[in-house]
Amino acid sequence: MYQLKVDNTDALNSALRAQMVEFNAQHFDAQRVPLGYKFTDEQGELVAGISGCVFGNWLMISWLWCSDSARGKGLADKLLTALEQAAIELGATTAQLDTLDFQAKPFYEKRGYSVKYQLNNYPRSGTRYFMEKPL
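The rules behind the values
Residues numbered from 1 in each chain as written. Predicted model: local features only at pLDDT ≥ 70, side-chain atom pairs only at ≥ 80, totals over all residues. Heavy atoms only, no water. Core = buried A, V, L, I, M, F, W, Y, C linked by side-chain atoms within 4.5 Å. Buried < 20%, exposed > 50% of the residue type's maximum accessible area, 1.4 Å probe, protein only. Helix = DSSP H or I, 4+ residues; strand = E, 2+ residues; numbered from the N terminus. Contact = heavy atoms within 4.5 Å. Pairing = 2+ DSSP bridges. Expected span 1.5 Å × (residues − 1). Axes fitted to C-alpha atoms, helices over the stretch in contact; angles between N-to-C directions.

Moving on, we get to the nonpolar core. With 25 residues, the main nonpolar core has Leu35, Leu59, Ile61, Leu80, Tyr108 and Tyr113 as its most contacted residues. Of all elements in the fold, only strand S2 (46-55), strand S3 (58-66), helix H2 (75-89), strand S4 (94-100), helix H3 (105-110) and strand S6 (126-134) reach the threshold of two or more residues within this core. With seven residues, H2 is the single largest residue contributor to this core. If near-sequence neighbours (up to four positions away) are discounted, Leu35 is found in contact with Ile50, Ser51, Gly52, Cys53, Val54, Leu59, Leu83, Ala86, Ala87 and Leu90.

What follows covers the side chain of Glu84. By secondary structure assignment, the location of Glu84 is in helix H2. The residues touching Glu84, leaving out its near neighbours within four places in the chain, are Leu59, Tyr113, Lys133 and Leu135.

Here we take up the pairing of strand S1 (residues 32-40). Summarising the sheet, S1 and S2 pair through nine bridges and their orientation is antiparallel. Opposite Thr40, over in S2, you have Leu46 as the bridge partner. The loop that links S1 with its antiparallel partner S2 comprises five residues; one of these, Gly44, has a positive phi angle of about 85 degrees.

It is worth spelling out H2 at this point. Over its 15 residues, H2 runs 21 Å from end to end, which matches the ideal 21 Å to within 8%, given 1.5 Å per residue. Residues of H2 that are buried sit in contact with S1, S2, S3, H3 and S6. Looking at the residues trailing H2, positive phi occurs at Gly91, about 100 degrees.

If you walk across this open sheet you meet the six strands as S1-S2-S3-S4-S6-S5, and the pairing is mixed. This sheet does not close on itself; its edge strands, each paired only once, are S1 and strand S5 (114-122). On average, each strand axis in the sheet is inclined to that of its neighbour by 20 degrees, with strand direction left out of account. Of the strands in this sheet, S1, S2, S3 and S6 are in contact with H2, which crosses S1 at around 155 degrees.

Quick look at the structure:
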């Protein structure tokens, strides 16, 4: 007999993700290739970085972050350009990301991304934008 149990842990989330990835792999002929770049300061501390993966024809951008001290210095543009170029070399033809209304939508739009879908009232009163760009 099965028992329903509460489990609000990251461990459950990770286990479910692993099971879904394994199941989905049976239906895809593509592997996720991780990509990432970072800028560090003189002390080796992270000041900006980007990460994502190439999955088939897609660059899936997960995170782009710049510290307050690094903003406005062109680092985010350099990071995004490097990630896109690496993805193109791995066969990606389209990039995908999401951003929140108080984050970087105008930054991405200036670099050719367009909104394909948006969630209003996210998580309560903001907006989450799902954006794409042909590479």
